[in-house]
Amino acid sequence: MGIYNLDKFFAPVISSDSAIAIVSSGSCNPESKEWQLYRNLTADGNRQVCLVDSGHSHLPGCPITKTDTYSSLDELPVRPDLVVTLGPLAEIPDLVDRCGTLGVCGLVIMSSKSDIDGDRFVAEIISRARKNRIRILGLNSAGFIVPTAQINLSLFNIQVTGGRLALLSQSGAVITSILEIAQKRGSGFSHIVGLGNLNDINFGDMIDYLGWSARVSCILLYLENIKDVKNFMSACRSVAMIKPIVAIKAGKSELSRKVIEKHTGRPSGDDRIYDTAFRRAGIIRVESINELLTAGDYLIENEVPAGRRLGIITNSGGLGIMAVDALASRDIPVTALSPELSRKLYEFVAPYSGSLDPICIAADADEGRYQKVLELTFASGEFDTIIVIVVLNQGINPKALAAKMKSAAAAAKVHLVYTWIGDQGDPLEPAAELNDRKTRICFTIEDAVLSCHYALRYYEKLSKLVVTPKRYSLETGYDQNNLVQARRLIQSYLERQITSLSSHVTRELIALYGLPVNRSYKITSLAEALQLCRVLGYPVAMKINCHTFTYKSDIAGILLNLHNDEAIEKGFVALQKIAAEAGVDDFDLTLEKMVEGVDYEVNLGSRYDAEFGPYIFLGSGGLPSRITADEAVILPPLDRTLAGKLIDRTKLFQCCNEVRSFDIEALKDILVRISQMVVDLPEIETLILDPLIITGGRLLTVDAKLKLKRTEIISPAHLATTPYPNQYEFHETLRDGTAVLIRPIKPDDAVAHHRMVASFSPQTRYFRFFSLREDITPEQLVRFTQIDYEREIAMIAEIEIGGEKISIGVNRLIYYPHIEEYEFAIVVTDDWQQSGVGYLLMDKLIYIAKDRGIKEIFGLVLRDNSSMMNFIKKFGFEIVEREIDVCRVRLCLADCQ
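Residues numbered from 1 in each chain as written. Predicted model: local features only at pLDDT ≥ 70, side-chain atom pairs only at ≥ 80, totals over all residues. Heavy atoms only, no water.

Trainee: Report on the overall build of the protein, specifying residues and quantitative values.
Mentor: For the protein, the helix and strand inventory stands at 29 helices and 37 strands. Relative to its 897 residues, the protein shows a buried fraction of 56%. Taking the contacts inside the protein whose residues are at least 6 apart along the sequence as the reference set, 71% of them involve residues at least 24 apart. Only carbon and sulfur atoms are counted for the fraction: they give 50% of the accessible area of the protein, which is about 38200 Å². (Helix = DSSP H or I, 4+ residues; strand = E, 2+ residues; numbered from the N terminus. Buried < 20%, exposed > 50% of the residue type's maximum accessible area, 1.4 Å probe, protein only. Contact = heavy atoms within 4.5 Å. Areas by Shrake-Rupley, 256 points an atom, 1.4 Å probe, with all protein chains shown as cover.)

Right, here's the structure in full:
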């Protein structure tokens, strides 16, 4: 249900007509959880809290008065917005129905699942909650705290400071640990939520919700597994563009993943897959609670730098060297100085570091020298961030220096990270006055380096979010006919209940996708084998071809380097005998040309993760790959850019290419083709090309395995990340004969989109944006062009004039998760109005909305925009609300033909 009714939990209205009800487990005593809940909820004295206790277990000393205690929900003086229960799971399904009858919006379930009948009760609870439109937090939820709303619906006894960090965790004990450390650090929170087992409200829902909150600047996660991966990835990709997300992921080892599955009732995916998923979703991964809070505190204070170029200015060579080493340990290089900047610095100060960065300006440097060097570095335009190390002396007032350089640094778009070293009395007060989004005052080298480290990690995450490969990779010369043949081949085996395909059949399949294969030939007789060898030439390889064994070498079912007819005759008899002894009934023998002069063996393909579905892997091949997996992994779909990143993460190939080079571009092409197979065919459970050999610069598959599974899922629903939907590209013609491409917008449309908006007349601008603003901000441009195709779509109209591609219109379908509605917003440039492009944009958007199962779309139109009113009425839109200046219009898609 997305973020429907989450306000009832985290932004509740306090009034005489609302209340929170605690349903007792029958043990209300001074040590009970109910007592702790009641005390936390009533601490501010403004909220009406009622205890529902059918056993009337009120005891002396309990803070809950008899006037606050009721035997059932029906006796409450007001309808509760929220109900909290710690009762037995078996009683909760009926409680859900009772809440539904009373109109309760949310239920917090702190009870945990038992082994006996637990799954049955959980399924019943979820089913009844959906029927009654009730949101559930839990099971096994630790509750939540919202300091700004003065609500503490939890069992936590720790004082929480208000702030801009939001914390989401599956574990209540982890929340306790985080809050204890945060209290010592002075970290403040906007929201703290114990999600528990994610039976309804999950990470994706909460990230969506917090992404809309102006009180949240950074989201912190502790997670063990994810209930709805697609929702999670979609929410993170959307929110991470405007707010950093930092996560600790438990479950690195196989044992810890088993424990997680036992505790939560759901499997936890491979840790390597989480790593690549976090990279694709824009999440910064950390390893400890301290690092989680450190990253959060830095990121809420610092603006994202414009790039990775980092410089150091210091009056201490030793501290400068320490800074360089600390940065290097985090893979942050220091930017080399240009010859021009080196010359200017040498003319002014003659730094004793010469032309090296860090720029060492000597221990006697005063405020004026720092100022001049900073001005020269600003003017060079060579840096995005500068660490300014200041060992205090009589000639330096660090506060005055930082204040003077603020405006110049802002104009140069440079972030300044000062490190003040020396006796400063109490430095915190002046530092607090100077800290802002572009200036940070630190007091240790480590603090300064961490500030840069997290800012740059977020910058890199944002840059990776713009990569969205297409559903159909045109880079590979995509042919729909091959897809049809591939599906036909797969279905023929599934219909015969065969799920493990032989190497021969697998090579037939991958050849349809243009993968390079060493062709194998079935042989039915010795004579046929000898005749084929005369065509192929010696040496050859002979193999048992069957669906029974994944690895033919396990039964000695492969003979290599057969050099003459005698070897063929002996091999033919030997393999027949081996197959019989192994109990293989349905088999063939195959023959193929032996590939000689092998440089490298590669193991690559696709597997299926318990949470994230299919993923692509790449590593060393041959027998070593079966003993120790040396693999890098990535989620599909891939383009050549992402394929290159996968290769870069495989250290073996970096070393191999230095010793004996091979065609990296050809390997990228193979990875993209494998990705396309995985995108097209949800039936693929495992695809292994092992080995893919590299010989003389050529790449060739000499063995392959494929395992299938039955599924009702239709592509691309089986993928964790939504590809660029190039199935929605339409080639059309305007009224004057101009060819136009109607397609989904992409991140690299930013420049063309900015030009389009800049060309609008004042009237067009006013009708589209409801204001006369002259330009869109960089942040708005990012939001307009870097969209999440899972939840929204923006169709642009593109023409070509003189070899230049020009955007002449756009129609958006914007999803608002907090109200579960879709809004269209269409605009066409002035020169192309009345050309028919507006009709095409709306027609295609309606088609896409219907294709995605959207029931209705709405729009806001200015009342004096008569041409737009006439235009939308042609499509069946109706006016449903009228305000002073704006009309709300709606189209019910079920009524559209």
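Moving on, there is more to tell.
Trainee: Mind laying out the sheet that holds strand β23 (residues 587-593), listing which residues take part and the relevant values?
Mentor: Here we have 4 strands laid out as an open sheet, ordered β20-β23-β21-β22, and antiparallel in their pairing. Both outer strands of the open sheet, β20 (520-523) and β22 (558-562), are each paired with one neighbouring strand and no more. Strand-to-strand twist across the sheet, computed as the mean angle between neighbouring axes with direction ignored, equals 30°. For β20 and β23, the ladder comprises 4 bridges, and the chain directions are antiparallel. Residue pairing in the sheet places Y521 in a bridge with L591 of β23. Where helix α18 (residues 503-512) meets the sheet, it contacts β20, β21 (540-546) and β23, and its direction lies at approximately 140° from that of β20. Those strands touched by helix α19 (residues 526-536) are β20, β21 and β23, and its axis lies near 155° from that of β20. (Pairing = 2+ DSSP bridges. Axes fitted to C-alpha atoms, helices over the stretch in contact; angles between N-to-C directions.)

Trainee: Quick rundown of the side chain of E792? Include the residues and the values.
Mentor: The residue E792 is located in the loop between α27 (778-785) and β32 (793-801) in this model. Residues contacting E792, with those up to four places away along its chain left out, are I787, L813, I814, Y815 and R852.

Trainee: Which residues make up the nonpolar core, and what values go with them?
Mentor: With 60 residues, the main nonpolar core has F144 and F232 as its most contacted residues. Setting aside residues no more than four positions away along its own chain, F232 makes contact with F203, G204, I207, L221, L223, I226, F278 and I283. Counting residues in hydrophobic clusters, the runner-up holds 47 residues, among them I796, I799, I872 and L891. (Core = buried A, V, L, I, M, F, W, Y, C linked by side-chain atoms within 4.5 Å.)

Trainee: Please set out a negative patch on the surface residue by residue, giving values where relevant.
Mentor: Together, D864, E881, E883 and D885 give the surface a local cluster of negative charge. Taking the relative accessible area as the measure of exposure, E881 reaches 42% and is therefore partly exposed. (Patch = residues over 30% accessible without salt bridge, like charges linked within 9 Å, V, L, I, M, F, W, Y side chains within 5 Å. Salt bridge = Lys/Arg side-chain N within 4 Å of Asp/Glu carboxyl O. Lys, Arg positive; Asp, Glu negative; His and termini not counted. Charge placed at Lys NZ, Arg CZ, Asp CG, Glu CD.)

Trainee: Break down the pairing of strand β28 (residues 698-701) for me, citing the residues and quoting the values.
Mentor: Where strand β27 (residues 684-695) meets β28, 4 bridges bridge the pair, whose relative direction is antiparallel. Looking across to β28, one finds that I694 is bridged to L699. Where β27 hands over to β28, the hairpin turn is made up of 2 residues, of which G696 adopts a positive phi near 55°.

Trainee: Which residues make up the pattern of salt bridges, and what are the values?
Mentor: Scanning the model with the defined rule gives 45 salt bridges in all. Across the pair R309 and D384 runs a salt bridge, and its minimum N-O distance is 3.0 Å. Here the residue R309 occupies a position in the loop between α10 (289-301) and β14 (310-314), and D384 occupies one in the loop between α13 (367-380) and β16 (385-391), the gap between them amounting to 75 residues. The partly exposed category is assigned to R309, whose relative accessible area is 35%. The buried category is assigned to D384, whose relative accessible area is 5%. Among the salt bridges present, the one from K844 reaches E732, with a minimum N-O distance of 3.0 Å. Placement of K844 in helix α28 (residues 837-851) and of E732 in strand β30 (residues 730-733) is noted, with a sequence separation of 112 residues between them.

Trainee: Tell me about helix α22 (residues 640-648), and please be specific about residues and values.
Mentor: Looking only at α22, the buried set comprises L642, A643, G644, L646 and I647. Regarding α22, its N-cap is D639, as a side-chain oxygen of that residue lies 3.2 Å from the backbone nitrogen of T641 further along. (Polar contact = N/O pair within 3.5 Å; in protein donor to acceptor, adjacent residues only side chain to side chain.)

Trainee: Describe the environment of F572, and please don't skip the residues or the numbers.
Mentor: Looking at the element boundaries, F572 is found in helix α20 (residues 565-581). With a relative accessible area of 10%, F572 lands in the buried category. The spacing of F572 and K543 is 29 residues in sequence and 9.3 Å in space, taken between C-alpha atoms. Excluding residues that lie within four positions of it along the chain, F572 makes contacts with I523, T524, S525, L526, M542 and L589.

Trainee: Mind laying out the packing of aromatic side chains, listing which residues take part and the relevant values?
Mentor: Inspection of every chain in the model, using the stated rule, returns 15 aromatic pairs. Ring geometry for F10 and Y209: centres 5.7 Å apart, planes at 50°, overall tilted. With F10 in helix α1 (residues 7-10) and Y209 in helix α6 (residues 203-211), this residue pair connects regions lying 199 residues apart in the sequence. As far as the burial class goes, F10 and Y209 line up, both buried. Ring plane angle 85° and centroid distance 5.5 Å describe the contact between Y724 and Y789, whose orientation is recorded as edge-to-face. Within this pair, whereas Y724 is found in the loop between β29 (704-708) and β30, its partner Y789 is found in the loop between α27 and β32, the two being separated by 65 residues in sequence. In this structure, Y724 and Y789 share a single accessibility class: buried. Among the aromatic residues, those joined into a cluster by ring pairs are F9, F10, F144 and Y209. (Phe/Tyr/Trp six-rings, centres within 6.5 Å; stacked < 30°, edge-to-face > 60°.)

Trainee: I'd love a proper account of the packing of helix α7 (residues 229-239) against helix α9 (residues 271-281), names of residues and values included.
Mentor: Packed helices, taken two at a time, are described by their axes: the angle between them and the distance between them. Interaxial distance between α7 and α9 falls to 8 Å at its minimum, and their mutual angle equals 40°. Put simply, α7 runs oblique to α9. Here α7 contributes F232, M233, C236 and R237 to the contact with α9, which in turn contributes A277, F278, R280 and A281. (Parallel < 35°, antiparallel > 145°, perpendicular 65-115°, else oblique.)

Trainee: Tell me what's going on with the environment of I207, and back it up with residues and numbers.
Mentor: Secondary-structure assignment places I207 in helix α6. The class of I207 is buried, set by a relative accessible area of 0%. In the structure, I207 is positioned 39 residues away from L168 in sequence and 8.8 Å away in space, judged by C-alpha atoms. Among all residues touching I207, those that are not within four sequence positions of it are L168, I219, L221, F232, A235, C236, V239 and I245.

Trainee: Break down the side chain of S451 for me, citing the residues and quoting the values.
Mentor: Here S451 is to be found in helix α16 (residues 445-465). With residues near it in sequence (within four places) discarded, S451 still touches Y298, N302, V417 and R440.

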